[in-house]
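Survey of secondary and tertiary structure
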Amino acid sequence: MNLRPFLALIFLLSLSLPIYGVEPPLEMDYRSIFYQIKKKLITNPKDLEKLELHGTNFQAQEYLDELLANFWEGLEKNNYFLIFDRSIKPTYRRLSLIRSGKTTLKGFIRISKNMEKCSSYQSLNHSVIKYGQGLGTALQGICGKIATVHSLKKLGLMKAPFNGKYIKEEMLSKVTPKRQQFKGGMTAREVAQAHTKYTKKSCKKYQHICGLDTGKIPFPLQETIDAQVKKGLKIFVANLYIYINSKNPIYDCSLGMTSYNSKGEKRLSHMEHITRVALNPSTKKAIVVTRNGLVQGDMKKTVPANAGLNTISIDPENLECYFEKSTHKGVNAVYADTSLDLVEAICCPL
């Protein structure tokens, strides 16, 4: 008797069985046939109720109750992306999980409804839920602070801001305006002011839309508007490239990005420190690489010093700006190829 097929089947079955006390990986390849990402934009309490969220044990339900309370309070000022996974594997009910139907809540992204660019990503796993960690980002976000700390470090104006793999809490406090000490978010103006406090020099701030729906405008005028928008976006890209590559004086820049869905609901409102800008001379398309500021830990002692990189594409000729990809799988699963409606640059000299 040939035992190879039988043994192979036993091996595959053993991989699919849960191992007691071992937590399944938090981040798996979302393109795998074994793993499917689902994301749901929450803009009002009814959206939450439809999901019928429930905890798989006491710890999970306790965490969920507090999480829902934060969501309900936060929905006045924020939208939320809730991120679920669907797997053919068992549900691991021995662990503390939050479920909706056949899917497991793996994380959420907070999106400010106002102009403060401070979206934040919070991943959830068994340990986070069991020990009640991670609720701070439900109502707040600190992307502006993270971008400013990285910028001041690059300019040599903030010494030793990191403690191992985390940003020191006192460094985040140093760049925070007084009115924001107990709130999240920094506007572009506040980011510029935080730099000026160290450099005594003014920052350059400029922004541009990435496209207009001119379908209902008569053709001759439509062509004129498109040409003006293209020209403006080309100038935006050229300025950003010049500032990033300037040697005298040296500039450091952060990129603000805003995105809306077809209903006009905000799905990204964010700011990140720029590490590199590459420009294609023939197409005028820019590739902007930024430090991932969506992953913010507990916003205090566990803010990652390096949570990976994000890549943003700005294509003036085709009037396209989009969040191309992220090295962080959770962020990538939500935002890969997301169109951006507005980009903003804050460039500060040394």
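Anything mentioned here points back to the structure above.
An account of the accompanying structure is given in this report. Everything numeric in this text was worked out from a predicted model, so none of it was measured.

1. Structural notes on the pattern of salt bridges
Two side chains with opposite charge may pair up if their charged atoms get near one another. Applying the stated criterion across every chain yields a total of 4 salt bridges. With a shortest N-O distance of 3.8 Å, K106 and D85 are connected by a salt bridge. Pair noted here: K106 is in strand β5 (residues 103-112) and D85 is in strand β3 (residues 78-87), with a separation of 21 residues, a long-range link. This pair shows no difference in class: K106 is buried, exactly as D85 is. A salt bridge links D252 to K154; its shortest N-O distance comes to 3.6 Å. A residue pair is termed long-range when its members are at least 10 positions apart, and D252 in strand β10 (residues 251-260) and K154 in helix α5 (residues 143-154) qualify at 98 residues. Here K154 falls in the partly exposed class, since its relative accessible area comes to 47%. Salt bridges linked by common partners bring K230, K234 and E317 together as one network.

2. Some details on the state of the cysteines
Scanning the model with the defined rule gives 3 disulfides in all. Paired through a disulfide, C203 and C348 show a sulfur-sulfur distance of 2.1 Å. Taking the sign of the S-S torsion, 110° for the link of C203 and C348, the bridge is right-handed. Here the residue C203 occupies a position in the loop between α7 (188-199) and β9 (204-209), and C348 occupies one in strand β16 (residues 342-349), the gap between them amounting to 145 residues.

3. Some thoughts on the nonpolar core
Among the nonpolar cores identified, the biggest contains 42 residues, and F236, L240, I314, Y335 and V343 are the most heavily contacted of them. For this core, the leading source of residues is helix α8 (residues 219-244), giving 8 residues. When neighbours within four sequence positions are excluded, I314 is seen to be in contact with L233, F236, V237, K284, K285, A286, V288, E320, C321 and V343. Residues C118, L152, V175 and M186 belong to the second largest nonpolar core, which totals 23 residues.

4. Details of a nonpolar patch on the surface
A cluster of nonpolar side chains, namely Y241, I242 and L279, defines an oily patch on the protein surface of about 250 Å² accessible area. Its location among the elements puts I242 in helix α8.

5. Re the pairing of strand β12 (residues 286-291)
Of the pairings in the sheet, the one linking strand β11 (residues 266-279) to β12 comprises 5 bridges and is antiparallel in character. Each bridged residue has a counterpart across the sheet, and for L279 the counterpart in β12 is A286. Between β11 and β12, which pair antiparallel and follow one another directly, the connecting turn spans 6 residues, one of which, K284, has a positive phi of 65°.

6. Some words on the side chain of S326
Here S326 shows up in strand β14 (residues 320-326). Judged by relative accessible area, S326 falls into the buried class, the value being 11%. A distance of 2.6 Å separates a polar atom in the side chain of S326 from a polar atom in the side chain of N310. If near-sequence neighbours (up to four positions away) are discounted, S326 is found in contact with N292, L309, N310, V331 and N332.

7. Some points on unusual backbone geometry
Of note, the bond from N248 into P249 is cis; its omega dihedral lies within 30 degrees of zero at 0°. Notably, K284 is not glycine yet its phi reads approximately 65°, a positive angle. Structurally, K284 is set in the loop between β11 and β12. Look at K284 and you get partly exposed, because its relative accessible area is 41%. With phi around 70°, M299 is a residue other than glycine that occupies positive phi space. Following the sequence through the fold, M299 ends up in the loop between β12 and β13 (309-315). Residue classification places M299 among the buried positions, given a relative accessible area of 13%.

8. Thoughts on the packing of aromatic side chains
For any pair of aromatic rings, geometry is given as the distance between the ring centres together with the angle between the planes. Evaluated as defined, the whole model comprises 7 aromatic pairs. Ring centres of F81 and Y335 lie 6.2 Å apart, and the angle between their planes is 80°; this geometry places the pair in the edge-to-face category. Residue F81 is found in strand β3, and its partner Y335 is found in helix α9 (residues 329-335); the two are separated by 254 residues along the sequence. Here F81 falls in the buried class, since its relative accessible area comes to 9%. Given the relative accessible area of 1%, Y335 is considered buried.

9. Details of a positive patch on the surface
Among the surface-exposed residues, K40, K46, K50 and K263 lie close enough to one another that they form a single positively charged patch. By secondary structure assignment, the location of K263 is in the loop between β10 and β11.

10. Points about the sheet that holds β16
With respect to topology, 8 strands assemble into an open sheet ordered β9-β16-β10-β11-β12-β13-β14-β15, the strand pairing being antiparallel. Of all the strands in the sheet, the pair left with one neighbour each is β9 and β15 (338-339). The pairing of β12 with β13 spans 6 bridges and is antiparallel. Residue pairing in the sheet places A286 in a bridge with I314 of β13. Sheet contacts for α7: β9, β11 and β16; angle to β16, the most-contacted strand, approximately 10°. Across the sheet, α8 touches β9, β10, β11, β12, β13, β14 and β16, and the angle it forms with β9 is around 145°.

Conventions adopted
- Residues numbered from 1 in each chain as written.
- Predicted model: local features only at pLDDT ≥ 70, side-chain atom pairs only at ≥ 80, totals over all residues.
- Heavy atoms only, no water.
- Salt bridge = Lys/Arg side-chain N within 4 Å of Asp/Glu carboxyl O.
- Helix = DSSP H or I, 4+ residues; strand = E, 2+ residues; numbered from the N terminus.
- Buried < 20%, exposed > 50% of the residue type's maximum accessible area, 1.4 Å probe, protein only.
- Disulfide = S-S within 2.5 Å.
- Core = buried A, V, L, I, M, F, W, Y, C linked by side-chain atoms within 4.5 Å.
- Contact = heavy atoms within 4.5 Å.
- Patch = residues over 30% accessible without salt bridge, like charges linked within 9 Å, V, L, I, M, F, W, Y side chains within 5 Å.
- Areas by Shrake-Rupley, 256 points an atom, 1.4 Å probe, with all protein chains shown as cover.
- Pairing = 2+ DSSP bridges.
- Polar contact = N/O pair within 3.5 Å; in protein donor to acceptor, adjacent residues only side chain to side chain.
- Phe/Tyr/Trp six-rings, centres within 6.5 Å; stacked < 30°, edge-to-face > 60°.
- Lys, Arg positive; Asp, Glu negative; His and termini not counted.
- Charge placed at Lys NZ, Arg CZ, Asp CG, Glu CD.
- Axes fitted to C-alpha atoms, helices over the stretch in contact; angles between N-to-C directions.

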